[in-house]
Amino acid sequence: MRPILCYEVIIDMMLNDIGGKIKAASLLTDREFTRRVENKKLSATQLRFLKFIVLNRDNNLTTKQIERASLQGHATVSGVLRRLIRDGYTIESVNIHDRREKFIEPTEKGIQLVVANDKYLEIIDTMMLKDVSEDELELLNRILDKIVTNLSSQI
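Anyway, here's the lowdown on the structure attached to this text. Quantities reported herein were computed from a predicted structural model and do not represent experimental measurements.

Digging into the overall build of the protein
For the protein, the helix and strand inventory stands at seven helices and two strands. When the 155 residues of the protein are sorted by exposure, 26% land in the buried category. Taking contacts inside the protein between residues at least 6 apart in sequence as the whole, the part at least 24 apart equals 53%. Total accessible area computed for the protein in this model is approximately 11300 Å², and 57% of it derives from carbon and sulfur atoms.

With respect to the nonpolar core
Residues Phe 33, Leu 50, Ile 53, Ile 66, Leu 81 and Leu 84 are the most contacted members of the largest nonpolar core, which totals 23 residues. The set of elements that each furnish at least two residues to this core consists of helix H3 (44-55), helix H5 (74-86) and helix H6 (108-128). In contact with Leu 50, not counting residues within four places along its chain, are Leu 84, Tyr 89, Thr 90, Gly 110, Leu 113 and Val 114.

Some words on a nonpolar patch on the surface
Taken together, Ile 18, Ile 22, Leu 140 and Leu 144 make up a surface patch of nonpolar side chains, about 320 Å² in accessible area. Taken together, the elements giving at least two residues each to the nonpolar patch come down to helix H2 (18-36) and helix H7 (134-154). For Leu 144, the position within the fold is in helix H7.

Comments concerning the pattern of salt bridges
Under the criterion given, the structure shown has eight salt bridges. One salt bridge in this structure joins Arg 36 and Glu 32, with 2.6 Å as the shortest N-O distance. Taken together, the residues span about one helical turn, with Arg 36 and Glu 32 both in helix H2 at a distance of four residues. Through salt bridges that share partners, Glu 32, Arg 35 and Arg 36 make up one connected network.

The rules behind each value
- Residues numbered from 1 in each chain as written.
- Predicted model: local features only at pLDDT ≥ 70, side-chain atom pairs only at ≥ 80, totals over all residues.
- Heavy atoms only, no water.
- Helix = DSSP H or I, 4+ residues; strand = E, 2+ residues; numbered from the N terminus.
- Buried < 20%, exposed > 50% of the residue type's maximum accessible area, 1.4 Å probe, protein only.
- Contact = heavy atoms within 4.5 Å.
- Areas by Shrake-Rupley, 256 points an atom, 1.4 Å probe, with all protein chains shown as cover.
- Core = buried A, V, L, I, M, F, W, Y, C linked by side-chain atoms within 4.5 Å.
- Patch = residues over 30% accessible without salt bridge, like charges linked within 9 Å, V, L, I, M, F, W, Y side chains within 5 Å.
- Salt bridge = Lys/Arg side-chain N within 4 Å of Asp/Glu carboxyl O.

Encoded structure:
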């Protein structure tokens, strides 16, 4: 019997931990997206944020709403939005009734980017769910929703 190396033990521990598995799945989907995407400067996270902004473009979407919907912190959301604005995919405008609040809207360039690259997220979802039945997917979604709810209520 060969001795187990330290890094093998760590990898085994991570993959037997639900949080580690969720993180590994997230990293693998992001890596696969980056490998496929046409615009190599765009991350999967940026495209997901931009897609959310495009889908909600008629709702006077605020930075705070994006934070709540994504369950990401202010610093993360601000950083992603700053890059999307810098690269011309979104614009930011100040609410005239409350200058502390900023509205985020997609530009035509941002909308076109979502349309051109959304297929890669769909391809990755198809790869990820290849051997997953509808019942299993429904159960997974319910479990993940419970995990998010449980953790959100504790933070």
